[in-house]
Amino acid sequence: MSLRDRIEGLQARIQRACEAAGREPSSIELLPVSKKQPLSLIREAATLGFTRFGENYVQEGADKAVALPDLSFILLGPLQRNKAKPALQHFAEIQSLDRPELAERLRRFAEELDVIRPMWIQVDLWDEATKLGGCTEAELPALIESLGGDPRLPMKGLMAIPPPDDRAAFSELATLRERMQQDLGQSLRLSMGMSSDLEAAIVAGSDQIRIGTAFFGERSH
Ligand SMILES: *Cc1c(COP(=O)(O)O)cnc(C)c1O
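So, here's what we can say about the structure.

All right, on to the overall build of the protein chain then. The helix and strand inventory of the protein chain stands at ten helices and eight strands. For 221 residues, the compact-globule formula gives about 17 Å, and the C-alpha radius of gyration of the protein chain, at 17 Å, lands near that figure. Each principal axis of the C-alpha distribution contributes one length, and for the protein chain these read about 45 × 40 × 30 Å. Burial analysis of the protein chain (221 residues in total) assigns 50% to the buried set. Taking the contacts inside the protein chain whose residues are at least 6 apart along the sequence as the reference set, 60% of them involve residues at least 24 apart.

What follows is the structure in structure tokens.
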């Protein structure tokens, strides 16, 4: 199947989910996840109108950002403190912020590099942090405090990777987002839903679905 066909298939899935949920398809960002995909496919996606791509590994994403300077890359994968600087240099946004030590390191380098990088807090409400990263709900206040409202690292939203078989997870995240918006007095976007469960995520209120295999096909290893 061609890239164009897969994207059309995805757009039809998004359309149907939006009809079921009474939502506007244009309000949902389809973020292609290009990890382990070749530059040629990313270039092809760019010719079809996509300019932002999710990546999991700092080095791989940085290499792609250097090779494709007209496109933006978003870091989705776990970030170690010692990679904070290259992450800020090469990624337009970071979605895996999950602990105060990392926030402090990012603030220091954002100032040094004189850059503004929207941040997404990765939450884990299901005790899977050891595998995938993410902070618990109890850890959120300290993390937000450590960001200190720094205008270089504006808080854009929440990102999560719920367990695939947990049917309540998306609505738990939507509820958490509501509560945080109230507490903080600002709007937050919600990034949830992948190739296999984008419909349920859209129905529950996701603003951004992160799609790898259903967009690009199987990843090479
Ligand atoms: C790989 C990955 C995706 C995309 O997964 P698919 O199942 O291929 O759509 C989305 N989000 C994160 C954080 C990922 O690591």
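On we go.
Bringing the site of the ligand into the picture now. The environment of the ligand is made up of V33, K35, N56, L76, I161, M194, S195, R210, I211, G212, T213 and R219. The side chain of N56 places a nitrogen or oxygen atom 2.8 Å from an oxygen atom of the ligand. Contacts to the ligand include R219, whose side-chain N or O atom sits 2.8 Å from an oxygen atom. Considering only residue class, the shell around the ligand consists of five nonpolar, four polar and three charged.

For the largest pocket, the calculated volume is near 330 Å³. Along the walls of the largest pocket sit 19 residues, with K35, N56, I161, M194 and R210 positioned nearest its centre. Of all elements in the fold, only α6 (129–132) and β8 (208–211) reach the threshold of two or more residues within the lining of the largest pocket. For the lining of the largest pocket, the class distribution of residues is eight nonpolar, seven polar and four charged.

This next bit is on the pattern of salt bridges. According to the stated counting rule, one finds 13 salt bridges in the structure shown. E29 serves as the salt-bridge partner of R52, at 2.7 Å between the closest nitrogen and oxygen. With R52 in strand β2 (residues 52–55) and E29 in strand β1 (residues 29–32), the pair connects residues that are 23 residues apart, well separated along the chain. Counted as one network, the salt bridges with shared partners bring together E29, R52, E93 and K156.

Moving on to unusual backbone geometry. Phi is positive for K36, close to 55°, though the residue is something other than glycine. Inspection of the secondary structure assignment puts K36 in the loop between β1 and α2 (39–47). The residue D114 is not glycine, and still its phi comes out positive at about 55°. When you line up the elements, D114 lands in the loop between α5 (100–113) and β5 (119–122). Taking the relative accessible area as the measure of exposure, D114 reaches 56% and is therefore exposed.

Conventions we followed
- Residues numbered from 1 in each chain as written.
- Predicted model: local features only at pLDDT ≥ 70, side-chain atom pairs only at ≥ 80, totals over all residues.
- Heavy atoms only, no water.
- Helix = DSSP H or I, 4+ residues; strand = E, 2+ residues; numbered from the N terminus.
- Rg over C-alpha atoms; globule rule 2.2 N^0.38 Å.
- Buried < 20%, exposed > 50% of the residue type's maximum accessible area, 1.4 Å probe, protein only.
- Contact = heavy atoms within 4.5 Å.
- Near = heavy atom within 4 Å.
- Polar contact = N/O pair within 3.5 Å; in protein donor to acceptor, adjacent residues only side chain to side chain.
- Nonpolar A, V, L, I, M, F, W, Y, C, P; charged D, E, K, R; others polar.
- 1 Å grid on protein atoms, 1.4 Å probe; cavity = no way out; pocket = protein on both sides within 12 Å on 5 of 7 lines; lining within 4 Å.
- Points joined across faces, edges and corners; volume = space filled by probe spheres on them.
- Salt bridge = Lys/Arg side-chain N within 4 Å of Asp/Glu carboxyl O.

None of this, on its own, says anything about what the molecule does.
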